[in-house]
Amino acid sequence: MKLQNILGGHALNDVFVAGGQPSITYVNRAHLGLERALKKALSQPNIIVSVTGSTKSGKTVLCRNVLSDREYVWIDGGEVRAEADLWSKVITELKAPLEFKDIEREDAGSNVGGGVEGQAGFLGTGAKFKLTAGGSQLRVSGVESVVKVDAMKTALDAMTSENITLVIDDFHYIPEQVRAEIIKAVKGSVFRGLPVVLLSTPHRAFDAIKAESEITGRFKHVAVPEWSEADLAAIASTGFKALNATCPDKIVNAFAGESQGSPLLMQQFCWNACYDSEIERAEVRLQSVPASFDMTSVYAEVARDAGLPTYENLAKGPQTRTDRIQRPLQNGKSVDIYQAILLAVAATGPKEKISYNEIRTSLNEILSDKVPQKLEVSNALKNLATKDEQDNRGNRAIDWDEDKLELVITDPFFRFYLRWEVAPQARPSR
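**A closer look at the overall build of the chain**
Within the chain, the regular secondary structure consists of 16 helices and 16 strands. Taken over 430 residues, the chain has a buried fraction of 46%. Sequence separation of at least 24 residues holds for 71% of the intrachain contacts in the chain that already meet a minimum separation of 6. Entry remark: accessible area of the chain is about 21700 Å², with carbon and sulfur atoms responsible for 47%.

Structure below.
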């Protein structure tokens, strides 16, 4: 029998939930009024609600919690490459048919009047017959055809009539033209009462309005701010209490400082600390994470799991027929332009948003020679973002904003990897 059935305690996996929907360690940040703001936005009729926040900042957890008493269809924007993809996925979620069979019947005894049509199931499932005026019974013949439904209309009508909320996560990852088509498609249903929620990152907050200017007056923005270290620490204190365990403040504060503003990373750190300290469920005796606990081992493990595949993929750069120029680093090693840019980005901290000029400055600091020209840098940044988009549609790590000339490291797990595994490589050898 599980301990929670005996003592009301909890297992580790019930407490610290990285990547799932936490319940015990759900911190609503009441002082920010986020739940109330989202509930108010959803209560307003005939508008599109845009919820923005950094990747893995808790937008999904917040929305699912607020929408827990509603019906909703949740669509991952990273999987939508064409408008038809969206409606097909909605129809699938609604379990609505995309086609039906239609039978055009011709009565075998149609030249005999006064007939009554009936069904004789015992003579064959679905068999229909015509009783003629003369008492004869003849089978009704027919031509069967398959009729395909309008997926968009069927989906919108069903959600509107049943007051089902349409939620599109990572709306900014949908191609620009497709975003415009989707907004044009839903605006009529929004006017008839369809609730729509779009989740995106802050630098893409107004993509919906850009896609369709007519929704300007039917648009409500709810911003999810970065997590403070105090709010991240609240996850730890709530979780350790539920496990009847303690953890030194210096460790909790260090975890909060290394979490890149992400509650998911904080959950992961705490889970690892518990597991490595053999705290796997609540017990009668008080348990504890020792003051001597090696935090760097947790950071190294989480970093490798969080960002290594993404980094290796980006470091390869796009395919090319020629060998790339090797550029010497200050520490004596040599790298190509894509590896150099990733090292330069990591050397900034890395910051979440890094301007083109900051990247150029960082390149000058880590390279001893053959610093790439401006056009080379901008083209390489664009190529990196394009490669990331193609390979990781639903879980993007970076985004290059050509208008602002700004690189956004959207994934805090990837930022964490760059900080712990890549940045040290850019430092001069001793």
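**Overview of the packing of helix H6 (residues 151-161) against helix H7 (residues 176-191)**
For the pair H6 and H7, interaxial distance at closest approach is 10 Å and the crossing angle is 30°. In terms of their interaxial angle, H6 and H7 are classed as roughly parallel. Helix-helix and strand crossings are classified by hand; for H6 and H7 the assignment is right-handed. Judged by residue contacts, Met 152, Leu 156 and Thr 160 of H6 engage Ala 185, Val 186 and Ser 189 from H7. Considering only residue class, the contact of H6 with H7 consists of 4 nonpolar, 2 polar and no charged.

**So, the packing of aromatic side chains**
Using the criterion set out here, one finds 11 aromatic pairs in the structure. For the pair Phe 255 and Tyr 299, a centre-to-centre distance of 6.2 Å together with 75° between the ring planes defines the contact as edge-to-face. With Phe 255 in helix H10 (residues 249-258) and Tyr 299 in helix H12 (residues 295-316), this residue pair connects regions lying 44 residues apart in the sequence. Residue Tyr 299 is classed as buried on the basis of its relative accessible area of 4%. Ring centres of Phe 269 and Phe 416 lie 5.3 Å apart, and the angle between their planes is 50°; this geometry places the pair in the tilted category. Of this pair, Phe 269 sits in helix H11 (residues 263-276) while Phe 416 sits in helix H16 (residues 412-422); the two residues are 147 residues apart in sequence, bridging distant segments of the chain. The exposure class of Phe 269 is buried, given its relative accessible area of 0%. Taken together through their ring pairs, the aromatic side chains of Phe 255, Phe 269, Tyr 299, Phe 416 and Trp 420 make up a single cluster. Above the ring of Trp 74, the side-chain terminus of Arg 64 is found at 4.0 Å from the ring centroid.

**Quick look at the sheet that holds strand E14 (residues 353-355)**
An order of E14-E16-E15 is seen for the 3 strands of this open sheet, with the pairing classed as antiparallel. Looking at strand neighbours, the two that pair on one side only are E14 and strand E15 (398-401), the edges of this open sheet. Strand-to-strand, the axes of this sheet are offset by a mean angle of 20°, without reference to chain direction. Sheet analysis places E14 next to strand E16 (residues 406-409), joined by 3 bridges and oriented antiparallel. Residue Lys 353 lies in a different strand from E16, and its bridge partner there is Val 408. In this fold helix H15 (residues 374-391) packs onto E15 and E16, with an angle of close to 135° to the strand it touches most, E15.

**Examining the sheet that holds strand E8 (residues 196-200)**
The strand order across the open sheet built from 5 strands is E2-E7-E8-E1-E9, with neighbouring strands paired in parallel fashion. Each edge of the open sheet carries a strand with a single partner, namely strand E2 (72-76) and strand E9 (219-223). Adjacent strand axes in the sheet meet at a mean angle of 20°, parallel and antiparallel pairs treated alike. Where strand E7 (residues 165-169) lies against E8, 3 bridges are found, and the strand directions are parallel. Within the sheet, the bridge partner assigned to Val 167 lies in E8 and is Val 197. Lying on the sheet, H7 is in contact with strand E1 (48-52), E7 and E8; it crosses E1 at an angle near 130°.

**Observations regarding H15**
Taking 1.5 Å per residue, 18 residues should reach 26 Å; H15 reaches 26 Å between its end C-alpha atoms and fits that length. Contact partners of the buried residues in H15: H12, helix H13 (337-346), helix H14 (356-366), E15 and E16.

**Re H11**
Taking 1.5 Å per residue as the helical rise, H11 with its 14 residues ought to reach 20 Å, and the 20 Å between its terminal C-alpha atoms agrees with that figure. Counted residue by residue, H11 has 10 buried out of 14 residues, so it is predominantly covered. For H11, the complete set of buried residues consists of Pro 263, Leu 264, Leu 265, Met 266, Gln 267, Phe 269, Cys 270, Asn 272, Ala 273 and Cys 274. Turning to H11, the residues buried within the fold contact helix H2 (12-15), helix H9 (229-242), H10, H12 and H16. The opening residue of H11 is Ser 262, an N-cap whose side-chain oxygen sits 3.2 Å from the backbone nitrogen of Leu 264. Looking one or two places after H11, you find Glu 278, whose phi comes out positive at around 60°.

**Considerations on the pairing of E16**
Along E16, one buried face is formed by Glu 406 and Val 408 and the opposite face, lined by Leu 407 and Ile 409, is buried too. One ladder, built from 4 bridges, connects E15 with E16; its direction is antiparallel. Its bridge partner lying in E16, Asp 399 is registered against Val 408.

**Looking at the pattern of salt bridges**
Using the criterion set out here, one finds 13 salt bridges in the structure. The partner of Glu 283 in a salt bridge is Arg 285, and the shortest N-O contact between them spans 2.9 Å. Here Glu 283 falls in the partly exposed class, since its relative accessible area comes to 31%. A salt bridge links Arg 396 to Asp 388, with the nearest nitrogen and oxygen atoms 3.3 Å apart. For the residue pair Arg 396 and Asp 388, the accessibility class agrees, reading buried in each case.

The rules behind the values
- Residues numbered from 1 in each chain as written.
- Predicted model: local features only at pLDDT ≥ 70, side-chain atom pairs only at ≥ 80, totals over all residues.
- Heavy atoms only, no water.
- Helix = DSSP H or I, 4+ residues; strand = E, 2+ residues; numbered from the N terminus.
- Buried < 20%, exposed > 50% of the residue type's maximum accessible area, 1.4 Å probe, protein only.
- Contact = heavy atoms within 4.5 Å.
- Areas by Shrake-Rupley, 256 points an atom, 1.4 Å probe, with all protein chains shown as cover.
- Axes fitted to C-alpha atoms, helices over the stretch in contact; angles between N-to-C directions.
- Parallel < 35°, antiparallel > 145°, perpendicular 65-115°, else oblique.
- Left-handed = near helix turned anticlockwise from the far one by under 90°.
- Nonpolar A, V, L, I, M, F, W, Y, C, P; charged D, E, K, R; others polar.
- Phe/Tyr/Trp six-rings, centres within 6.5 Å; stacked < 30°, edge-to-face > 60°.
- Lys NZ or Arg CZ within 6 Å of the ring centre and 35° of its normal.
- Pairing = 2+ DSSP bridges.
- Expected span 1.5 Å × (residues − 1).
- Polar contact = N/O pair within 3.5 Å; in protein donor to acceptor, adjacent residues only side chain to side chain.
- Salt bridge = Lys/Arg side-chain N within 4 Å of Asp/Glu carboxyl O.

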